[in-house]
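Examining the three-dimensional arrangement
One-letter residues, chain by chain:
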Amino acid sequence: MSSPLLHAGPAVGWDTPFEMLLACHERVERMLGLLERLAAHLAAHGIDANARQAAQDVLRYFDLAGPAHHEDEERHLFPRLAERGGAAAALAQRLHADHLAMSQQWAVVRTTLQAVAHGAPPHVLPDTAAWPAFAALYRSHIAAEEGEAYPAARALVDDAGLRAMGAEMAARRGAR
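Owing to the predicted nature of the structure, the values given are computational and were not obtained by experimental measurement. Numbering of residues starts from 1 in each chain and follows the order in which that chain's sequence is written. Only residues with pLDDT of at least 70 are given local features in this predicted model, and only at 80 or more are side-chain atom pairs given and counted; all residues enter the totals for whole chains, interfaces and linings. The basis for every side-chain value is the complete set of heavy atoms in the structure, and neither hydrogens nor water enter the calculation.

**Details of the confidence of the model for the protein**
Scored from 0 to 100, pLDDT records how confident the predictor is in each individual residue. Confidence in the prediction for the protein averages 92 pLDDT; 93% of positions are at 70 or higher. Scored below 50 in pLDDT, residues 5–10 makes 0 contacts in the model with residues more than four places away or belonging to other chains. Two residues form a contact once any of their heavy atoms are found within 4.5 Å.

So, in structure tokens, the structure goes:
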């Protein structure tokens, strides 16, 4: 017998695009945590079935959802912040630069994860030295977005703008 659900959180959908962005950040945090646990697992156990599955999960997330999320921000947040000028524009530039740096760091992390996921010998320990910097940059980026960028951009979007933003985000993903 299953337990009753004590609390059903609010539904997040394309009609609430900022909440969708926040939900994506929660998934990023889970994947970064998995990446960190994977590094510890590799050091203790080498490449086994659990390590291969974890590597595949992290690869799938950051290869697919990560770039789509960044594109959402590049299309819908950063231009709004840039239009405000001053500190908001500087923040948009910094966050855009973070996206570029994360993409470069991901290329290095990805290569190692692919080796774990697809065939490195179980006794060969992969070089995970780049993983902590990738996680730290992502976490710093998320903190700036949630603490500064999202509230500032949200204040600039009316209800019609939110609907348009959510519709465009959904359409790019082939969702309704």
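**Concerning the side chain of Glu73**
For Glu73, the location among the structural elements is in helix α2 (residues 49–76). In this structure Glu73 is buried but unpaired, with Arg173 as the nearest side chain of opposite charge at 9.1 Å. Not counting the four nearest positions on each side in its chain, Glu73 is found in contact with Leu21, His25, Phe78, Pro79, His99, His141, Glu145 and Tyr150. Only DSSP runs of H or I covering at least 4 residues are called helices, and only runs of E covering at least 2 are called strands; the numbering of each starts at the N terminus. Burial here depends on accessible area, computed with a 1.4 Å probe over protein chains only, as a share of the maximum for the residue type. Under 20% is buried, over 50% is exposed, and the range in between is partly exposed. Positive charges come from Lys and Arg alone, negative charges from Asp and Glu alone, with His and the N- and C-terminal ends not counted. Here a salt bridge means any side-chain nitrogen of Lys or Arg lying within 4 Å of a carboxyl oxygen belonging to Asp or Glu.

**Some details on helix α5 (residues 131–154)**
With 24 residues, α5 extends 32 Å from end C-alpha to end C-alpha; this agrees with the ideal 34 Å at 1.5 Å per step. Maximum bend of α5: about 45°, positioned at Glu145. Residue count minus one, scaled by 1.5 Å, sets the expected span of a helix. Here the bend at each residue means the angle between axes fitted to two seven-residue stretches, the one ending at that residue and the one beginning there.

**Structural notes on the pattern of salt bridges**
The final tally for this structure, using the stated rule, is 11 salt bridges. A salt bridge links Glu29 to Arg139; its shortest N-O distance comes to 3.0 Å. With Glu29 in helix α1 (residues 17–45) and Arg139 in helix α5, this pair connects stretches of sequence that are 110 residues apart. Exposure remark for Glu29: the relative accessible area of 30% places this residue in the partly exposed category. If you follow the salt bridges from partner to partner, you end up with Glu71, Asp72, Arg75, Glu168, Arg172 and Arg173 in one network.

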